[in-house]
Amino acid sequence: QVQLVESGGGLVHPGGSLRLSCAASGIIFSSYVMGWYRQAPGKRRELVADITSGGIPNYGDSVKGRFTISTDNVKSTVDLQMNGLKPEDTAVYYCNARNVANIRWGQGTQVTVSS
């Protein structure tokens, strides 16, 4: 059974920080690019960040310099450290695993940035 389970979402004030975590099971973790996407109401799902099994990250323009993605290949987890949060970061954040044959999604975790 393939599972991607996100945790760490919540409510935070502008300028605050959150750390999201995604635990993967049922996949060969090293065979996938792992990532985080987000979707705000009325908007398309967009890439936040992804990272190869070799540790090479890629970030969406809106989060560069503020967010950091990392993996633990032993625990099969991918984290997203979010600093300097802005109201426009408010969205449901989804864990993603992809390779040439498969795309998998977690159920999502809500991040709300509000005063």
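Everything below is about the structure shown above.
Computed from a predicted structure; not experimentally measured. Here the residue numbers are simple positions, counted from 1 along each chain's written sequence. Local features in this predicted model are restricted to residues of pLDDT 70 or higher, and side-chain atom pairs are both shown and tallied only at a pLDDT of 80 or more, whereas totals for entire chains, interfaces and linings draw on every residue. The side-chain quantities take in all heavy atoms of the structure and omit both hydrogens and water.

Visitor: Would you mind showing me how to read the sheet that holds strand β7 (residues 67–72) here?
Guide: Sheet strands pair by backbone hydrogen bonding; their relative direction is either parallel or antiparallel. Any two strands with at least two DSSP-identified bridges between them are counted as paired. Numbering of helices and strands runs from the N terminus; a helix is a DSSP stretch of H or I covering at least four residues, while a strand is a stretch of E covering at least two. Here four strands make up an open sheet; going across it, the order is β1-β3-β8-β7 and the pairing antiparallel. Looking along the sheet, the strands with just one partner apiece sit at the ends: β1 (3–7) and β7. With direction set aside, neighbouring strand axes in the sheet form an average angle of 15°. In this sheet, strand β8 (residues 77–82) lies alongside β7 in antiparallel orientation, the contact comprising six bridges. Counted as the bridge partner of Ile69 is Leu80 from β8. To obtain each axis, a line is fitted to C-alpha atoms, and for helices this fit is confined to the stretch in contact; angles are then taken between N-to-C directions over 0 to 180 degrees.

Visitor: Please clarify how the pairing of strand β3 (residues 18–25) should be interpreted in this entry.
Guide: On a regular strand, one side chain projects to one face of the sheet and the next to the other, so that they alternate. Note on exposure labels: buried denotes an accessible area under 20% of the residue type's maximum, exposed denotes more than 50%, and partly exposed covers the range between, all computed with a 1.4 Å probe on protein chains only. Taking every second residue as pointing to the same face, the buried face of β3 carries Leu18, Leu20, Cys22 and Ala24, while none of Arg19, Ser21, Ala23 and Ser25 on the other face is buried. Strand direction decides the pairing type here: β3 and β8, joined by six bridges, are antiparallel. If you follow Ala23 over to β8, its bridge partner there is Thr77.

Visitor: Whenever I open this one, the pairing of β1 confuses me. Can you help?
Guide: The alternating pattern of β1 places Leu4 and Glu6 on a buried face and Gln3, Val5 and Ser7 on a face that is not buried. Here β1 runs beside β3; their pairing, made up of five bridges, is antiparallel. By the bridge assignment, Gln3 is partnered in β3 with Ser25.

Visitor: What's the story with the packing of aromatic side chains in this structure? I'm lost.
Guide: To describe a pair of aromatic rings, you give the distance between the ring centres and the angle between the ring planes. Two aromatic rings from Phe, Tyr or Trp, using only the six-membered ring of Trp, form a pair when their centres are within 6.5 Å; if the ring planes differ by under 30 degrees the pair is stacked, by over 60 it is edge-to-face, and anything between is tilted. Within this structure, the stated rule accounts for two aromatic pairs. With centroids separated by 5.2 Å and ring planes inclined at 75°, the aromatic side chains of Tyr37 and Trp105 adopt a geometry described as edge-to-face. Note that Tyr37 is positioned in strand β4 (residues 33–39) and Trp105 in strand β10 (residues 103–105), a separation of 68 residues in sequence. Relative to Trp105, the ring of Tyr94 has its centre 6.4 Å away and its plane inclined at 90°; by these criteria the two rings are edge-to-face. A residue pair is termed long-range when its members are at least 10 positions apart, and Tyr94 in strand β9 (residues 91–98) and Trp105 in strand β10 qualify at eleven residues. Trp105 sits in the partly exposed class, given a relative accessible area of 38%.

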